[in-house]
Amino acid sequence: AVFEANAAAHVLQRLLVPHTCHDPSEMPLVLPMVADIPLRAEKVLIVCTAGCFDEPSFVARILTAHDRDLQALPVIADEEFRVPLRATVSKIPVQKLPRDTSGRIRTTRDVTAVIAALFKEIAVSINPKYATSQVLVASVKRIGSRLVSKQSRFTSAVRSYESGA
(Lines give C-alpha, C1' and ligand atoms only; values in the text may rest on other atoms or scores of the structure.)
Protein backbone atom coordinates (compact mmCIF):
# COMPACT_ATOMS: atom_id res chain seq x y z
CA ALA A 1 0.00 0.00 0.00
CA VAL A 2 2.83 2.42 0.81
CA PHE A 3 4.46 1.71 -2.56
CA GLU A 4 1.17 2.37 -4.40
CA ALA A 5 0.57 5.60 -2.50
CA ASN A 6 4.10 6.77 -3.21
CA ALA A 7 3.83 5.90 -6.91
CA ALA A 8 0.44 7.64 -7.22
CA ALA A 9 1.79 10.71 -5.42
CA HIS A 10 4.72 10.96 -7.85
CA VAL A 11 2.45 10.57 -10.88
CA LEU A 12 0.17 13.24 -9.45
CA GLN A 13 3.12 15.52 -8.78
CA ARG A 14 4.33 15.28 -12.37
CA LEU A 15 0.88 15.84 -13.82
CA LEU A 16 0.25 18.85 -11.57
CA VAL A 17 3.40 20.69 -12.71
CA PRO A 18 1.73 22.37 -15.73
CA HIS A 19 -0.99 23.67 -13.40
CA THR A 20 1.46 25.05 -10.84
CA CYS A 21 4.61 26.06 -12.73
CA HIS A 22 3.48 29.71 -12.91
CA ASP A 23 4.28 30.03 -9.19
CA PRO A 24 7.28 28.15 -7.77
CA SER A 25 5.73 28.23 -4.29
CA GLU A 26 2.80 26.19 -5.66
CA MET A 27 4.96 23.38 -7.05
CA PRO A 28 3.90 20.06 -5.52
CA LEU A 29 6.23 18.15 -3.23
CA VAL A 30 5.97 14.46 -2.33
CA LEU A 31 6.98 13.95 1.27
CA PRO A 32 8.83 10.86 2.51
CA MET A 33 6.95 8.90 5.18
CA VAL A 34 9.09 10.31 7.98
CA ALA A 35 9.04 13.98 6.90
CA ASP A 36 6.89 16.67 8.46
CA ILE A 37 4.70 18.97 6.41
CA PRO A 38 6.87 22.01 5.59
CA LEU A 39 5.99 25.14 7.55
CA ARG A 40 5.49 27.11 4.32
CA ALA A 41 2.85 24.65 3.07
CA GLU A 42 -0.65 26.04 2.61
CA LYS A 43 -2.22 23.08 0.79
CA VAL A 44 -1.98 19.32 1.10
CA LEU A 45 -3.20 16.49 -1.06
CA ILE A 46 -3.82 13.46 1.10
CA VAL A 47 -3.20 10.39 -1.06
CA CYS A 48 -5.25 7.52 0.34
CA THR A 49 -4.76 3.82 -0.32
CA ALA A 50 -6.04 0.69 1.41
CA GLY A 51 -4.57 0.52 4.90
CA CYS A 52 -3.21 4.06 4.96
CA PHE A 53 -5.05 4.83 8.20
CA ASP A 54 -3.25 1.94 9.87
CA GLU A 55 -0.08 4.06 9.76
CA PRO A 56 0.18 6.48 12.72
CA SER A 57 2.54 8.73 10.70
CA PHE A 58 -0.12 9.11 7.98
CA VAL A 59 -2.79 10.02 10.52
CA ALA A 60 -0.35 12.38 12.26
CA ARG A 61 0.08 14.34 9.01
CA ILE A 62 -3.67 14.72 8.64
CA LEU A 63 -3.88 16.00 12.21
CA THR A 64 -1.03 18.42 11.56
CA ALA A 65 -2.79 19.74 8.44
CA HIS A 66 -5.93 20.19 10.52
CA ASP A 67 -4.11 21.96 13.36
CA ARG A 68 -2.44 24.33 10.91
CA ASP A 69 -5.72 24.99 9.06
CA LEU A 70 -4.22 23.92 5.74
CA GLN A 71 -6.28 23.49 2.63
CA ALA A 72 -6.70 19.72 2.33
CA LEU A 73 -8.02 17.56 -0.46
CA PRO A 74 -8.30 13.76 -0.18
CA VAL A 75 -7.16 11.85 -3.26
CA ILE A 76 -8.08 8.19 -3.53
CA ALA A 77 -5.33 6.28 -5.31
CA ASP A 78 -6.51 2.73 -4.75
CA GLU A 79 -9.83 1.12 -5.59
CA GLU A 80 -9.58 -0.93 -2.37
CA PHE A 81 -9.54 2.21 -0.19
CA ARG A 82 -12.47 2.74 2.15
CA VAL A 83 -13.06 5.75 4.37
CA PRO A 84 -12.18 4.48 7.85
CA LEU A 85 -14.97 3.75 10.27
CA ARG A 86 -14.82 4.53 13.98
CA ALA A 87 -13.75 0.90 14.61
CA THR A 88 -10.71 1.37 12.35
CA VAL A 89 -9.80 4.68 13.96
CA SER A 90 -10.10 3.18 17.44
CA LYS A 91 -7.16 0.88 16.58
CA ILE A 92 -4.83 3.86 16.01
CA PRO A 93 -2.51 4.22 19.02
CA VAL A 94 -3.36 7.83 20.00
CA GLN A 95 -0.23 8.06 22.15
CA LYS A 96 1.82 7.93 18.90
CA LEU A 97 -0.03 10.92 17.47
CA PRO A 98 0.89 14.58 17.98
CA ARG A 99 -0.89 16.37 20.79
CA ASP A 100 -3.54 18.88 19.87
CA THR A 101 -2.86 22.63 19.76
CA SER A 102 -3.63 22.98 23.48
CA GLY A 103 -1.13 20.24 24.31
CA ARG A 104 -3.60 17.55 25.31
CA ILE A 105 -3.48 13.96 24.12
CA ARG A 106 -6.03 13.34 21.40
CA THR A 107 -8.85 10.91 21.88
CA THR A 108 -10.23 8.47 19.33
CA ARG A 109 -13.22 10.82 19.07
CA ASP A 110 -10.91 13.74 18.19
CA VAL A 111 -9.20 11.73 15.45
CA THR A 112 -12.52 10.45 14.12
CA ALA A 113 -13.84 14.02 13.93
CA VAL A 114 -10.84 15.22 11.91
CA ILE A 115 -11.04 12.28 9.50
CA ALA A 116 -14.81 12.69 9.10
CA ALA A 117 -14.35 16.38 8.34
CA LEU A 118 -11.64 15.63 5.80
CA PHE A 119 -13.98 13.33 3.89
CA LYS A 120 -16.81 15.85 3.91
CA GLU A 121 -14.73 17.19 1.04
CA ILE A 122 -15.51 14.91 -1.88
CA ALA A 123 -12.33 13.03 -2.72
CA VAL A 124 -10.88 12.89 -6.20
CA SER A 125 -10.05 9.45 -7.51
CA ILE A 126 -6.78 8.92 -9.32
CA ASN A 127 -5.58 5.41 -9.93
CA PRO A 128 -2.50 5.45 -12.17
CA LYS A 129 -2.34 1.67 -12.14
CA TYR A 130 -5.57 1.30 -14.15
CA ALA A 131 -6.51 4.73 -15.53
CA THR A 132 -5.87 5.90 -19.06
CA SER A 133 -3.79 9.02 -19.56
CA GLN A 134 -6.97 10.94 -20.48
CA VAL A 135 -8.64 9.95 -17.20
CA LEU A 136 -5.51 10.91 -15.24
CA VAL A 137 -5.32 14.30 -16.95
CA ALA A 138 -9.02 14.95 -16.25
CA SER A 139 -8.56 14.01 -12.58
CA VAL A 140 -5.55 16.28 -12.26
CA LYS A 141 -7.51 19.16 -13.80
CA ARG A 142 -10.22 18.65 -11.17
CA ILE A 143 -7.60 18.59 -8.43
CA GLY A 144 -5.93 21.73 -9.78
CA SER A 145 -9.19 23.66 -10.01
CA ARG A 146 -10.24 22.59 -6.51
CA LEU A 147 -6.93 23.66 -5.05
CA VAL A 148 -7.21 27.03 -6.75
CA SER A 149 -10.78 27.48 -5.46
CA LYS A 150 -9.53 27.32 -1.83
CA GLN A 151 -12.75 25.65 -0.73
CA SER A 152 -11.06 22.52 0.56
CA ARG A 153 -10.58 23.60 4.17
CA PHE A 154 -11.72 21.05 6.70
CA THR A 155 -10.92 22.78 9.98
CA SER A 156 -14.17 24.74 10.15
CA ALA A 157 -16.12 21.53 9.71
CA VAL A 158 -14.16 19.90 12.53
CA ARG A 159 -14.69 22.86 14.82
CA SER A 160 -18.46 22.63 14.37
CA TYR A 161 -18.36 18.83 14.82
CA GLU A 162 -16.37 19.14 18.05
CA SER A 163 -18.76 21.71 19.44
CA GLY A 164 -21.70 19.42 18.73
CA ALA A 165 -23.23 21.66 16.05
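Structure report, in brief.

## A closer look at the packing of aromatic side chains
Under the defined criterion, the tally for this structure stands at four aromatic pairs. Measuring from ring centre to ring centre gives 6.2 Å for Phe53 and Phe81, while their planes differ by 35°; the resulting arrangement is tilted. One end of the pair, Phe53, is in the loop between strand 1 (43-48) and helix 2 (56-67); the other, Phe81, is in the loop between strand 2 (71-76) and helix 3 (86-89), and 28 residues separate them in sequence. For the pair Phe53 and Phe81, a shared accessibility class is recorded, and that class is buried.

## Re the pairing of strand 2
Most of strand 2 sits inside the fold, with five of its six residues counted as buried. In the sheet, strand 1 pairs with strand 2 via six bridges, with the strands oriented parallel. Looking at strand 2, one finds that Cys48 is bridged to Ile76. After leaving strand 1, the chain enters helix 2 and then returns to the sheet as strand 2, a path that is right-handed.

## Side note on the pattern of salt bridges
In the structure shown here, the tally under the stated rule is three salt bridges. Among the salt bridges present, the one from Arg104 reaches Asp110, with a minimum N-O distance of 3.0 Å. Judged by its relative accessible area of 13%, Asp110 falls in the buried class. The network of salt bridges with common partners includes Asp100, Arg104 and Asp110.

## Considerations on the sheet that holds strand 2
In spatial order, the strands read 1-2-3; together these three strands make up an open sheet with parallel pairing. The open sheet is flanked by strand 1 and strand 3 (124-125), the only strands paired with a single partner. As paired strands, strand 2 and strand 3 are joined by two bridges and run parallel to one another. Residue Val75 lies in a different strand from strand 3, and its bridge partner there is Val124.

## Some points on the nonpolar core
Grouped together as the largest cluster of nonpolar side chains are 25 residues, with contacts concentrated most on Ile46, Cys48, Phe53, Leu97 and Val111. The element contributing the most residues to this core is helix 2, with six residues. Core analysis: the next-biggest nonpolar cluster, separate from the first, contains 16 residues, Ala5, Leu12, Ile126 and Val140 among them.

## Re helix 4 (residues 108-118)
Here helix 4 lies mainly inside the structure; eight of its eleven residues are buried. All buried positions along helix 4 are accounted for by Asp110, Val111, Thr112, Ala113, Val114, Ile115, Ala117 and Leu118.

## Observations regarding helix 2
For helix 2, built from twelve residues, the straight-helix expectation of 16 Å at 1.5 Å per residue is met to within 8% by its first-to-last C-alpha distance of 16 Å. Judged by how many residues are buried, helix 2 sits mostly within the fold: nine of twelve residues are covered. Two residues or fewer after helix 2 comes Asp69, characterised by a positive phi angle close to 55°.

## Some points on the packing of helix 2 against helix 4
Packing of helix 2 against helix 4 leaves a shortest axis separation of 10 Å and a crossing angle of 75°. The angle between the axes of helix 2 and helix 4 places the two elements in the roughly perpendicular class. Contacts between helix 2 and helix 4 involve Val59, Ile62, Leu63 and His66 from the former and Val111, Val114 and Leu118 from the latter. Residues that form the contact of helix 2 with helix 4 fall into these classes: six nonpolar, one polar and no charged.

Conventions and cut-offs
- Residues numbered from 1 in each chain as written.
- Predicted model: local features only at pLDDT ≥ 70, side-chain atom pairs only at ≥ 80, totals over all residues.
- Heavy atoms only, no water.
- Phe/Tyr/Trp six-rings, centres within 6.5 Å; stacked < 30°, edge-to-face > 60°.
- Helix = DSSP H or I, 4+ residues; strand = E, 2+ residues; numbered from the N terminus.
- Buried < 20%, exposed > 50% of the residue type's maximum accessible area, 1.4 Å probe, protein only.
- Pairing = 2+ DSSP bridges.
- Right-handed = clockwise from strand over helix to strand, strands pointing away.
- Salt bridge = Lys/Arg side-chain N within 4 Å of Asp/Glu carboxyl O.
- Core = buried A, V, L, I, M, F, W, Y, C linked by side-chain atoms within 4.5 Å.
- Expected span 1.5 Å × (residues − 1).
- Axes fitted to C-alpha atoms, helices over the stretch in contact; angles between N-to-C directions.
- Parallel < 35°, antiparallel > 145°, perpendicular 65-115°, else oblique.
- Contact = heavy atoms within 4.5 Å.
- Nonpolar A, V, L, I, M, F, W, Y, C, P; charged D, E, K, R; others polar.

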